[in-house]
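Descriptive analysis of the structure
If you want the building blocks of each chain, they are given just below.
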Amino acid sequence: MNGKSNDLGLYALHLNQDDPKKNTILRLNRFNLIKLGKKLSQFPKNAIVLDPFSNNVIEFQDRNNIKKSGIIVIDCSWTQIDLVFNRKFKMGRKLPHLLAANSVNYGKWDKLSSAEALAAALFITGFKNEAEELLSKFPWGKSFWEINKDFLNEGLKKDK
Ligand SMILES: C[S@@+](CC[C@H](N)C(=O)[O-])C[C@H]1O[C@@H](n2cnc3c(N)ncnc32)[C@H](O)[C@@H]1O
């Protein structure tokens, strides 16, 4: 493994609910960094699902699972979020509190784009190069690491 994102199973359930020009997953897909699907059944059964409503916060210990089965982001519109997440996911994980740096929701707590959510999950589980590779494709990528560095490092300390 050379620390490249496409060595890992990175998946997006792409529901096509918002402006394709601003969508972060379609951008990652253009760089071949994520696999898209329209149904969860297209992805490995035990993949971790990034779910802002989960009771479980992602932690370093999820690393092996990500290596084995991958990680899924549900790429929907924030305006449809309650409808889309109207069920519990067995492997659901929420992120610790983080600030969005993307141009649509800059400065808002927990309202991350799909790319930010995936990158934060990878960083927390020790896939730092992969995380940085994803956000290097966005003009606001560096800003995400900058404004969240204390919160991300705080989470890592707790895992030790
Ligand atoms: C609601 S979509 C918004 C997509 C956005 N339109 C884009 O172009 O990236 C963002 C997805 O990222 C993940 N996500 C965002 N914030 C999260 C959090 N705090 N905890 C867990 N997952 C989160 C979820 O899978 C969520 O559905």
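Residues numbered from 1 in each chain as written. Predicted model: local features only at pLDDT ≥ 70, side-chain atom pairs only at ≥ 80, totals over all residues. Heavy atoms only, no water.

1. Structural notes on the nonpolar core
- Counting 37 residues, the largest nonpolar core has Ile71 and Leu95 as its most contacted members.
- Contributions of two or more residues to this core are made by β1 (10-14), α1 (24-30), β3 (48-50), β4 (71-75), α4 (114-124), α5 (128-135) and α6 (141-159).
- No other element matches α4, which puts nine residues into this core.
- Listed in part, the 12 residues of the second largest apolar core include Tyr11, Ala47, Phe85 and Phe89. (Core = buried A, V, L, I, M, F, W, Y, C linked by side-chain atoms within 4.5 Å. Buried < 20%, exposed > 50% of the residue type's maximum accessible area, 1.4 Å probe, protein only. Helix = DSSP H or I, 4+ residues; strand = E, 2+ residues; numbered from the N terminus.)

2. Some points on the site of the ligand
- If you check the shell around the ligand, you find 22 residues, and the closest are Asp18, Thr24, Leu50, Ile74 and Ser114.
- Within the side chain of Thr24, a nitrogen or oxygen atom sits 2.5 Å from an oxygen atom of the ligand.
- At 2.7 Å from an oxygen atom of the ligand is found a main-chain nitrogen or oxygen belonging to Leu50.
- Across the complex, the protein chains shield 95% of the 590 Å² of accessible surface that the ligand would expose by itself.
- Residue assignment for the shell around the ligand shows that the elements contributing at least two residues are β4 and α4.
- Ranked by residues supplied to the shell around the ligand, first place goes to β4 with three residues. (Near = heavy atom within 4 Å. Polar contact = N/O pair within 3.5 Å; in protein donor to acceptor, adjacent residues only side chain to side chain. Areas by Shrake-Rupley, 256 points an atom, 1.4 Å probe, with all protein chains shown as cover.)

3. Looking at the environment of Ala131
- Positionally, Ala131 belongs in helix α5.
- Counting along the chain gives 16 residues from Ala131 to Ala115, while the straight-line C-alpha distance between them is 9.2 Å.

4. A short note on unusual backbone geometry
- Positive phi outside glycine occurs at Asn32, with the angle close to 65°.
- Along the chain, Asn32 falls in the loop between α1 and β2 (35-37).
- Positioned with a positive phi, Asp110 is a non-glycine residue whose angle comes to about 70°.
- Within the secondary structure layout, Asp110 lies in the loop between β5 (92-93) and α4.
- Overall, the relative accessible area of 34% leaves Asp110 in the partly exposed class.

5. Details of the UniProt feature "domain: 16S/18S rRNA aminocarboxypropyltransferase Tsr3 C-terminal" (unreviewed entry) in the protein chain
- With numbering matched to this structure, UniProt assigns "domain: 16S/18S rRNA aminocarboxypropyltransferase Tsr3 C-terminal" (unreviewed entry) to residues 48-154.
- Secondary structure over residues 48-154 splits into 41% helix and 9% strand, and the C-alpha atoms at its two ends are 22 Å apart. (UniProt positions renumbered as here; feature names shortened; annotations may be inferred.)

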